[in-house]
Amino acid sequence: MGENTAGKKILTAVVVNDDATQLNILTSLLHKERLDAKGYQGAEEALLKMSTDHPPDLIVTDLYMPDIDGWQFCRLLRSTEYQAFNRVPILLVSATFGGDEASNITAELGANAFLPSPVDGREFINTVRAIYAGRKPKKTLRVLIVEDSRTLAGLLARYFKKNSYRVDIANTGKEALKCFAMGQYDIALLDYHLPDIFGDTLLKKFQIQNSACVCIMMTSDSNPKLALEFMKAGAAAYLRKPFDPEYLVEQCSRVRRERVLLRVEDLLEERTRELLKSKEKYQNIFENLPIGLYQTTLNGRIITANPACMSISGCPEGKKEQWLSQNTLDSYCYPEQGKRFRKLLLECGEVKAFETVLKGWDGKNRWLSLNANLLEDDQGQKNIISGSLIDITDLKIAEKKLQKTREFLESAIFQSPSGILIADAPSMKIRYANQAASDILGYGSKDLEGLDGTKNSIEWTAVRLNGMEYNAEEMPLARALLNGEVTKNEEILIHDCKGNKKWIKANASPIYNPNGQILAGIVIFQDTTEYKQIETEKQQLELRMVEIQKMESIGNLAAGIAHDINNILFPILGRSELLLDDLVKGGPEYNHAEQIQQAAIRGRDIVRQILTFGRKTEHKMVPIRIQHILKEVLELSRSAIPSTIEIHQKIQSKCGPVLADPTQIHQVMMNIITNAYHAIDKDGGQIRIELKEAELSNDQSFDLGIKVGRYIKLNISDTGPGIPDTLANKIFDPYFTTKGEGQGTGLGLAVVHGIIKEHQGAIRVTSEPGKGAIFNIFLPLIKESTNSVQPKEDNGNFQTGEEKILVVDDEPSIAMLEKQMLERLGYKVSSFHNSIEALNMFKAKPEFFDLVISDMSMPEFSGIRLAKKLRKIRPDIPIIICSGLSCEMNTQHIESIKINGFLVKPVTRTELAKTIRAVLGQIENQKRIF
């Protein structure tokens, strides 16, 4: 044991293992525990180099090693020749033993503990700590010497004690039985001739009471038959007097070791039989399972496949060997699907429920659902694809039929001129309202759903023909739900929720389940105002038509909101880029234009964020520096937070990069800062933000549930009222919120928690009532990379050209903007905002143009339809499609069109220039090849 510079004692350890990998792992674990650990690949080397003046505080050794193995090494450490190491704790490591065998070996060799190999790092460190703390003392083996000669018994006892055994002596058979009944012995040394009993009789009794005890017979009788009789009776060994006591001790050790090995062999044989049975069982399952199972190498060679797999892929009987020699199953997929399957597998390591069309061996198309995992081969490389496939062709056909039927019924109900309301029982909540019901009652298309059909939550009143007003429970739907009453052609004068008078004719009925209980209620009603009040009916129709048009407009706006906003942002972004070219850098006008450009880029990113949450686009993980995004978030937040709230920031400017999705990280910061602002009283307070790098220790990372290493640590605290203890464990639960109705969904912190976990990080909150709350966010640092996403200035260097380009976009401002941007890049541009006119121009001069850039959504022809017509005229014309939605291309059948490029609006000049040159360059290369 040494001392460090502070005078503190340093614990030392010696690790002996002939496996260099295990030796390095164990030594490294001890170093992390701040132990001075030295490693040796042999016991002889360790004995030569260990200091007897300063013995180590711990010895860790393997059992099976060349030359001096672990068994001999431990005996030497506990022998008189190496007294300096007699008291050093020993930790045994071996892959061969476990359970009782491990405990027995530990005790026999004078060790303190045993761990199976390869060791679990945490268990290893905990065991080392326990040994140092004295919680794992070495176990002493117990020996019972049964010998009527007190002199010989004493001599043998001294030799056993010298080798660290605990010894009891019995001079008669009666004493031996008493001792054996009172304690558990590891070894029993039995004399054959005793005053009151023969030793072999004791042997049989001992075997019955404790079969694990090693019994050794000794006698001075020279009869050779005794040895055979003793061994048959269960004796482990036989010694003839006189003998060397040292030989006896060594013989005891050897016999115990043989016993352990025999038990291990028995266990191994038993497990081998179990494995063979298991193999046979699972081979039978593999052969007869109706689901296709297969394994291939990463480069496509099929390793194995069950009969179902071959049958599903269309392999006929007798063609197994030929089929197995074919490429991997994804080669039967159509090219784009096969590429996407392999790309997903390589990126994620697994693919689940991947649906694709497979062109079978027999030429028939089949719908398949694929599952696959990327596994390691014998060299530890992920080169094996293991998966399953299910033929879902019938399911797809049934789904298609069911979908058509459902769409037909839904369309029929939705378009029915009669109003239809369906309410659940017993909740009485309206489950469905078609458009006619909403129109007749004056609600929006979805506003009726969720209301209580038996109470006054429906804001319209009704009057009977006799002029008496209905109570809520007397309406036809309520009577059907509450009483099971059927209503036919009941005429009612209603005042809808807007106060308009309407005559309706209602039919209502309960809907029963198979047990005769009311499951729901339905009411079908028509607006009969036409027959009651002709003039009023005209007014009602006009209002209703306006309402329908409004609802259709709102629906169209909601469906294409991302597309429209991107079309709006495109001119703003493009014009600001052109302005920056025309203005003097550094001037006020230049700064204004630059701010417009940044605002447009932020607007574009927000739209993409909306598309991300709607699963319209994929998250992109790139190296970023958190401080840059944090600066931007603080600038945005400052304008929305009252001046009475102070924002203090302490941001380490040199924080390293992390691998993250910038949009998601932006969302996390905005959400937590907004929460902090809402937590602070309107009279004022403080928000503190601190960003720095942090090194997490083993204990810290364990508490946070993340790996040991370097992280960026973001602290966001507020001086609000804090979070009560009863709510602290719920804040990350979905839909949990303390805000009032209409002020929050409760999804914010749940989404934040999910994003941080997805980024392999951790988030914790600490709070005391009355003292605010602190959010701590940890994200793992990555190595420095020149690819980190950082704000960078446009250096004005664009890829230019002189080709002739046809631009088509139904937005005149966008078409003109694209024309100006391209002309500044040197291209000759013909611009149209009518796809028919553009098509006519192309028909007139098909060889004049080198490239076509077209919008996706246009009133005359869509971009895809226009591309088809252009390709019929000139098949080799390169085409780039622009769209406000990145997902539009996924829903189009464009395999035969071969679109050359795709851009998502709004497009920067850099993106436009690069894409054009890439497409034209690719075309030029193809021309050179052919």
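Computed from a prediction, not measured in an experiment: that's the story for all the values here.

Points about the overall build of the protein chain
Helix and strand counts for the protein chain stand at 29 helices and 35 strands. Within the protein chain, buried positions represent 43% of all 930 residues. Of the accessible surface of the protein chain, which amounts to about 51,000 Å², a share of 52% is contributed by carbon and sulfur atoms.

Points about the pairing of strand β34 (residues 879-883)
Most of β34 is tucked away, with 5 of its 5 residues classed as buried. Burial along β34 is two-sided: I879, I881 and S883 facing one way and I880 and C882 facing the other are all buried. Summarising the sheet, strand β33 (residues 851-855) and β34 pair through 4 bridges and their orientation is parallel. Paired with I853 across the bridge in β34 is I880. The parallel pair β33 and β34, bridged by helix α28 (residues 863-873), forms a crossover whose chirality is right-handed.

Here's the deal with the pattern of salt bridges
For the structure on display, the rule yields 21 salt bridges. With a closest N to O distance of 2.7 Å, K241 and E147 form a salt bridge. Of this pair, K241 sits in the loop between β12 (237-240) and α10 (245-288) while E147 sits in the loop between β8 (142-146) and α6 (150-162); the two residues are 94 residues apart in sequence, bridging distant segments of the chain. Exposure class is identical for K241 and E147. Each is buried. Two residues, E768 and K771, come together in a salt bridge whose shortest N-O distance is 3.6 Å. We classify E768 as partly exposed; its relative accessible area is 45%. Here K771 falls in the exposed class, since its relative accessible area comes to 62%.

Considering the sheet that holds strand β32 (residues 828-832)
Strand order in the open sheet formed by 5 strands is β32-β31-β33-β34-β35, and the pairing between neighbours is parallel. The sheet is open, and its two edges are formed by β32 and β35 (901-904), each paired on a single side. Taking each pair of neighbouring strands and ignoring which way they run, the sheet shows an average axis angle of 20 degrees. Of the strands in this sheet, β31 (804-808), β32 and β33 are in contact with helix α27 (residues 835-844), which crosses β31 at around 155 degrees. Along the sheet face, α28 touches β31, β33 and β34 and points at about 155 degrees away from the line of β33.

Examining the sheet that holds strand β17 (residues 382-391)
Ordered by their spatial adjacency, 5 strands build an open sheet running β14-β13-β17-β16-β15, and the pairing between neighbours is antiparallel. Each of the sheet's edge strands pairs with one partner strand only, and the pair in question is β14 (302-305) and β15 (350-359). Averaged over all adjacent pairs, the angle separating strand axes in this sheet is 25 degrees, with direction ignored. Pairing geometry for β15 and strand β16 (residues 365-376), over 8 bridges, is antiparallel. Directly across from K359, in β16, lies its bridge partner N365.

Rules behind the numbers
Residues numbered from 1 in each chain as written. Predicted model: local features only at pLDDT ≥ 70, side-chain atom pairs only at ≥ 80, totals over all residues. Heavy atoms only, no water. Helix = DSSP H or I, 4+ residues; strand = E, 2+ residues; numbered from the N terminus. Buried < 20%, exposed > 50% of the residue type's maximum accessible area, 1.4 Å probe, protein only. Areas by Shrake-Rupley, 256 points an atom, 1.4 Å probe, with all protein chains shown as cover. Pairing = 2+ DSSP bridges. Right-handed = clockwise from strand over helix to strand, strands pointing away. Salt bridge = Lys/Arg side-chain N within 4 Å of Asp/Glu carboxyl O. Axes fitted to C-alpha atoms, helices over the stretch in contact; angles between N-to-C directions. Contact = heavy atoms within 4.5 Å.

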